[in-house]
Amino acid sequence: MAKIIGGITTSHIPAIANAMAQGLEETPYWKPFFDGYPPVRDWLNEKKPDVIILFYNDHGLEFFIDKKPTFAIGVADEYHNADEGWGIPTIPPVTGESDLSWHIANSLVEDGFDMTICQEMKVDHGLTVPLNLMWPGHNYGHVKVIPVCINCEQHPMPQPKRTFALGQAIGRAVESFDDDLNVVVFGTGGMSHQLDGERAGIINRKFDLECLDKLVTDPQDLTKYSNFDLVEIAGAQGVELNMLIAMRGTLLGNVKELHRNYHAPISNTGSGLMLLENNAPT
Amino acid sequence: MATNETRKFPGTYLFDSKMAKKGYGLNKMCYSFNEQAARDEFNADPEAYCDKFNLTEAQKQGIRDKNIITLLQEGGSIYYLAKFAGLLKINMQDIGAQQTGMSVDEFKAMLERNGRGEV
């Protein structure tokens, strides 16, 4: 049986890709951010998950607003990155896992989540930055990735209670897959930030820290927020919290926090790195 | 229900159905900037490139002025405008400074204060 052994929250902003490409990890600005990652990398190298399910949002590489899926899932054996227009280096292909992907897609639609199912999909920094953070030097080719893309760019967007339920449905789908696979789920993005308007520059450290606490002990409580609540409290792009909430939804067992590093600001955002163990001994 | 909610957030340009319609051509042009060939074509003749996507006069003025607030008001999505910013070789702190009327250093200092929780 496939099982989800843990979940990870991480930032995915493009500035991280540039910092890594330029070797800035040890500079004073970046060090407090990158110093959080070695324990998570060590855990991944020890557990050696077969599959990563990765929640992210597409910022206008694969999906334009001509057709904007609310939820999309990749079912391909390989994914490619491409030029996003601002010069972050394009990286090697990402390996997919089509059998489990299709199993999840089938289960989700049966479960009432009408996914857009993608056999070809370019993956942007939302997916590639976290992979390169966990396996620096683009050494992620051995791990199979299932992209799950949530609309965080155009209102109406799925609400936190819905993205949490999506996560739970994915958790059930994985547990009903016959092959013995170890799966880790990444929730990427956010946390509080606002890029647009005269209100640009919002970071709400207190709220971010509360969210990280809630993600461990009481994720259901986060589903009380609407996306407009998140805009008000955490900035217009604070809605990316939805990816973290979806990740937490997939963890159906007893959850234990193994590591955390919150740092702000990174570029215009609060960055929350957290490693959660699923089915932890009580 | 939140879908038809009309809550307003001053200083925020929510990219909703109205904006998605109003800014369609502008965002489509900015989406094209994913391709180097499109960036080159724009740089060679910005006016002609804007016309190719049927930008309104107000949108074209925003592009000429490189004014992010104007472009947001005219339906631009910050994610697509970020690609225009990439073409201009400016980053999110430059954009933040421009929108808030601060210098880039002042904007970065505000981010630092917010990051420390000194709100």
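For every chain, the first residue of its written sequence is number 1, and the numbers climb from 1 along that sequence. As a convention, the first chain written is A and the first ligand written is 1, with the rest following in written order. Reporting of local features is limited, given that this is a predicted model, to residues whose pLDDT is at least 70; pairs of side-chain atoms are given and counted only at 80 or more, and all residues count toward the totals for whole chains, interfaces and linings.

Going by what an unreviewed UniProt entry lists, chain B is known as Protocatechuate 3,4-dioxygenase and is assigned to Marinomonas piezotolerans.

Going by an unreviewed UniProt entry, chain A carries the name Protocatechuate 3,4-dioxygenase and comes from Marinomonas piezotolerans.

Enquirer: Summarise the packing of helix 1 (residues 14-21) of chain A against helix 5 (residues 125-134) of chain A; cite the residues concerned and give the values.
Expert: Residues and elements named next belong to chain A. Only C-alpha atoms enter the line fits that serve as axes; for helices the fit covers just the stretch in contact. Angles between N-to-C directions range over 0 to 180 degrees. Secondary structure elements are taken from DSSP: a helix is a run of H or I of four residues or more, a strand is a run of E of two residues or more, and numbering for both begins at the N terminus. In the contact formed by helix 1 and helix 5, the axes pass within 9 Å of each other and the chain directions differ by 40°. Judged by the angle between their axes, helix 1 and helix 5 are oblique. Classified by chirality, the crossing of helix 5 by helix 1 is left-handed. The segment helix 1 lies against helix 5, with Pro14, Ile16, Ala17 and Met20 engaging His125, Val129, Asn132 and Leu133. Gly falls in the polar group here, along with every residue not listed as nonpolar (Ala, Val, Leu, Ile, Met, Phe, Trp, Tyr, Cys, Pro) or charged (Asp, Glu, Lys, Arg). Taken together, the residues of the contact of helix 1 with helix 5 break down into 6 nonpolar, 2 polar and no charged. For classification purposes, angles smaller than 35 degrees are called roughly parallel, those larger than 145 roughly antiparallel, those between 65 and 115 roughly perpendicular, and all remaining angles oblique. Here is the rule for handedness: rotate from the far helix to the near one, and if that takes an anticlockwise turn smaller than a right angle the crossing is left-handed, while a clockwise turn gives right-handed. Two residues qualify as a contact pair if the distance between their C-beta atoms, derived from the backbone, is within 7 Å.

Enquirer: For the environment of Gly75 of chain B, give the residues involved together with the corresponding values.
Expert: Residues and elements named next belong to chain B. Its place among the elements puts Gly75 in the loop between helix 6 (68-73) and helix 7 (78-87). Residues with at least 20 neighbouring C-beta atoms inside 10 Å of their own are called buried, those with 12 or fewer are called exposed, and the rest are partly exposed, where every C-beta is derived from the backbone. The buried category is assigned to Gly75, around which 23 C-beta atoms lie within 10 Å. Separated by 16 residues in sequence, Gly75 and Gln59 have C-alpha atoms that sit 8.5 Å apart. For Gly75, the contacting residues outside a window of four places in its chain are Met19, Lys22, Gly23 and Leu26.

Enquirer: Please provide a residue-by-residue account of the sheet that holds strand 8 (residues 182-188) of chain A, values included.
Expert: Residue and element names in this part refer to chain A. By this definition, two strands are paired if DSSP reports at least two bridges between them. Across the sheet, 8 strands lie side by side as 6-3-7-2-8-1-10-9; this open sheet has mixed pairing. The open sheet terminates on both sides in strands that have one partner only, identified here as strand 6 (116-118) and strand 9 (256-266). Averaged over all neighbouring strand pairs, the angle between strand axes comes to 20°, with direction disregarded. As judged from the 3 bridges shared by strand 3 (residues 71-74) and strand 7 (residues 144-150), these two strands associate in the antiparallel manner. Paired with Ala72 across the bridge in strand 7 is Cys149. Strands in contact with helix 5 are strand 1 (3-10), strand 2 (51-56), strand 7 and strand 8; relative to strand 2, the strand with the most contacts, it is inclined by about 135°. This element, helix 7 (residues 205-217), spans strand 1, strand 9 and strand 10 (269-277) of the sheet and lies at about 15° to strand 10.

Enquirer: Can you tell me about the packing of helix 2 (residues 24-32) of chain B against helix 7 of chain B, naming the residues and giving the values?
Expert: Residues and elements named next belong to chain B. At their nearest, the axes of helix 2 and helix 7 sit 8 Å apart, and the two run at 50° to each other. In terms of orientation, helix 2 and helix 7 fall into the oblique class. Considering the relative orientation of helix 2 and helix 7, their crossing is left-handed. Counting all contacts with helix 2, which are made through Asn27, Cys30 and Tyr31, the residues of helix 7 involved are Tyr80, Leu81, Lys83 and Phe84. Looking at the contact of helix 2 with helix 7, its residues break down into 5 nonpolar, 1 polar and 1 charged.

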